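# Coordinate analysis (summary)
As a plain string of letters, each chain reads:
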Amino acid sequence: ERCAEMMQDEKWFMILGDDDFLSDNYVEEFYKHLDLAEKNNINVMKYASAEIDENGVIQKIKKEEPLIKSAIEHFFDKFVHEGRSSLSEHTFRKSAYKKYGFYDMPLAWHSDDWAQLQFSEFGNILYINTAQCIISVSSSSITGNKNNIRIKQLSSQIFFEELGRNINEFKGEHLKQLIDLIEWAEQQK
């Protein structure tokens, strides 16, 4: 939030983790897709990504996505189908941030997941497969650190409770999947 509050006239923003980096065409691809986001009233853009370890070895590459996809589908890809996602891979519309803000979670764990859903208003996300964000995961990163598991579990509990308070946003099979996830999270306590 401290970074976001420094914005002035910008209409879109991203927060890049200090050990993450972008492909050379990242900003160019943003501008190529901007009209499509505006025409479809999209508040969240997500880029292709890869995860590397502390030795620079690629561990995971995010699969290519459709150009426009439901934020709820993206959520289930991550939490049910073992997809991946991080804050650095996203560009957010500033007005959506101003409306909702980031949810304050310990270690900011799941703050990005909640922002994708809330900033998109449980609508669509625009995927940019033609540029890439490289996410560094090591023992010194929040994701790779094994000494903060209890704090991450607390954040997960808060996140799933918030999802439960917004259960009306989920319909049909998604509702059933969400209930299963919430029950699973309850058992993890």
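Residues numbered from 1 in each chain as written. Predicted model: local features only at pLDDT ≥ 70, side-chain atom pairs only at ≥ 80, totals over all residues. Heavy atoms only, no water.

## Side note on the overall build of the chain
The condition is simple: Every helix listed is a DSSP run of H or I at least four residues long, and every strand listed is a run of E at least two residues long, numbered separately from the N terminus. Residue exposure (1.4 Å probe, protein chains only): buried if accessible area is under 20% of the type maximum, exposed if over 50%, otherwise partly exposed. When checking whether two residues touch, look at their non-hydrogen atoms; a contact exists if any pair is within 4.5 Å. Areas reported here follow the Shrake-Rupley algorithm with a probe of radius 1.4 Å; residue values treat only the protein chains shown as occluding.
Helices and strands together make up the secondary structure of the chain, namely six helices and seven strands. Its helices and strands taken in sequence order, the chain reads β-β-α-β-β-β-α-β-α-α-β-α-α from the N to the C terminus. Out of the 189 residues belonging to the chain, those deemed buried represent 48%. A sequence separation of at least 24 residues applies to 76% of the contacts in the chain between residues at least 6 apart. Approximately 10,500 Å² of the chain is accessible, and the part contributed by carbon and sulfur atoms is 50%.

## With respect to the packing of aromatic side chains
Remark: the centre distance and the inter-plane angle together describe each pair of aromatic rings, the angle taken between the planes. Heads up, the rule is: Under the pairing criterion, centres of Phe, Tyr and Trp rings, with the six-membered ring standing for Trp, must be within 6.5 Å; the plane angle then separates stacked pairs below 30 degrees from edge-to-face pairs above 60, leaving the rest tilted.
Applying the stated criterion across every chain yields a total of 22 aromatic pairs. Here the aromatic rings of W114 and F122 are separated by 5.9 Å at their centres, their planes lie at 75 degrees, and the arrangement is edge-to-face. Judged by relative accessible area, which is 2%, W114 ranks as buried. Grouping aromatic residues by their ring pairs yields a cluster made of F75, F76, F79, W114, F122, F159, F160 and F170.

## Considering the pairing of strand 4 (residues 58-61)
Here is the rule we go by: If DSSP finds at least two bridges between two strands, the strands pair.
Sheet topology note: the strand 3 (residues 44-52)/strand 4 ladder contains three bridges and is antiparallel. Note that in strand 4 the partner of I52 across the bridge is I58. The antiparallel hairpin formed by strand 3 and strand 4 contains five residues in its connecting segment, where G56 sits at a positive phi of about 80 degrees.

## Let's talk about the confidence of the model for the chain
Applicable threshold: Per residue, pLDDT measures the predictor's confidence, with a range of 0 to 100.
Mean pLDDT over the chain: 89, with 99% of residues reaching 70 or higher. Mean pLDDT across the secondary structure elements of the chain bottoms out at strand 4, with 76, and peaks at helix 1 (residues 26-39), with 97.

## Thoughts on the pattern of salt bridges
Rules: Should a side-chain nitrogen of Lys or Arg be within 4 Å of a carboxyl oxygen of Asp or Glu, the pair is scored as a salt bridge.
A full pass over the atoms with the stated rule returns 11 salt bridges. Ionic pairing is found between K46 and E89, a salt bridge with its closest N-O pair at 2.2 Å. Of this pair, K46 sits in strand 3 while E89 sits in the loop between helix 2 (71-79) and strand 6 (90-93), placing them 43 residues apart in sequence. Using a relative accessible area of 0% as the deciding quantity, one classes E89 as buried. In this structure, the salt-bridge partner of D77 is K69, at a minimum N-O distance of 2.1 Å. Accessibility assignment for this pair places D77 and K69 in one class, buried. When salt bridges with common partners are traced through the structure, they connect E28, E29 and K32 into a single cluster.

## Some remarks on the nonpolar core
In plain terms, the rule: The nonpolar core is taken to be a set of buried Ala, Val, Leu, Ile, Met, Phe, Trp, Tyr and Cys residues, with the residues joined through side-chain atoms within 4.5 Å.
In terms of nonpolar packing, the biggest core is built from 29 residues, with F13, F75, F102, L117, F119, L163 and F170 touching the most fellow members. At the level of elements, helix 2, helix 3 (94-100), helix 4 (111-119), strand 7 (124-136), helix 5 (149-165) and helix 6 (172-188) are the ones that each hand at least two residues to this core. Excluding residues that lie within four positions of it along the chain, F13 makes contacts with A4, M7, H90, T91, F92, R93, K94, Y97 and F102.

## Examining the packing of helix 2 against helix 4
Using the following cut-off: What counts as an axis is a line fitted to C-alpha atoms, over the stretch in contact for a helix, and the angles between N-to-C directions run from 0 to 180 degrees. Any angle that is under 35 degrees is reported as roughly parallel, and any over 145 degrees as roughly antiparallel; angles of 65 to 115 degrees are reported as roughly perpendicular and all others as oblique. Each helix crossing is assigned a hand: it is left-handed if the near helix lies turned anticlockwise from the far helix by less than a right angle, otherwise right-handed if that turn is clockwise. All residues other than Ala, Val, Leu, Ile, Met, Phe, Trp, Tyr, Cys, Pro, Asp, Glu, Lys and Arg, Gly among them, are scored as polar; the first ten of these are nonpolar and the last four charged.
Here helix 2 crosses helix 4 at 155 degrees, and the two axes come no closer than 9 Å. Classified by the angle between their axes, helix 2 and helix 4 sit roughly antiparallel to one another. Two packed elements cross with a definite hand, and for helix 2 against helix 4 that hand is left-handed. In this structure, helix 2 contributes A71, I72, H74, F75, K78 and F79 to the contact, and helix 4 contributes D112, D113, Q116 and L117. Tallied by class, residues from the contact of helix 2 with helix 4 come to five nonpolar, two polar and three charged.

## Digging into the packing of helix 2 against helix 6
Across the interface, helix 2 lies against helix 6 with an axial gap of 11 Å and an inter-helix angle of 40 degrees. Relative to helix 6, the element helix 2 is oriented oblique. Of the two elements, helix 2 crosses helix 6, and the hand of that crossing is left-handed. Taking contact as the criterion, the partners of I72, E73, F75, F76 and F79 in helix 2 are, on helix 6, H174, Q177, L178 and L181. The residue makeup of the contact of helix 2 with helix 6, split by class, is six nonpolar, two polar and one charged.

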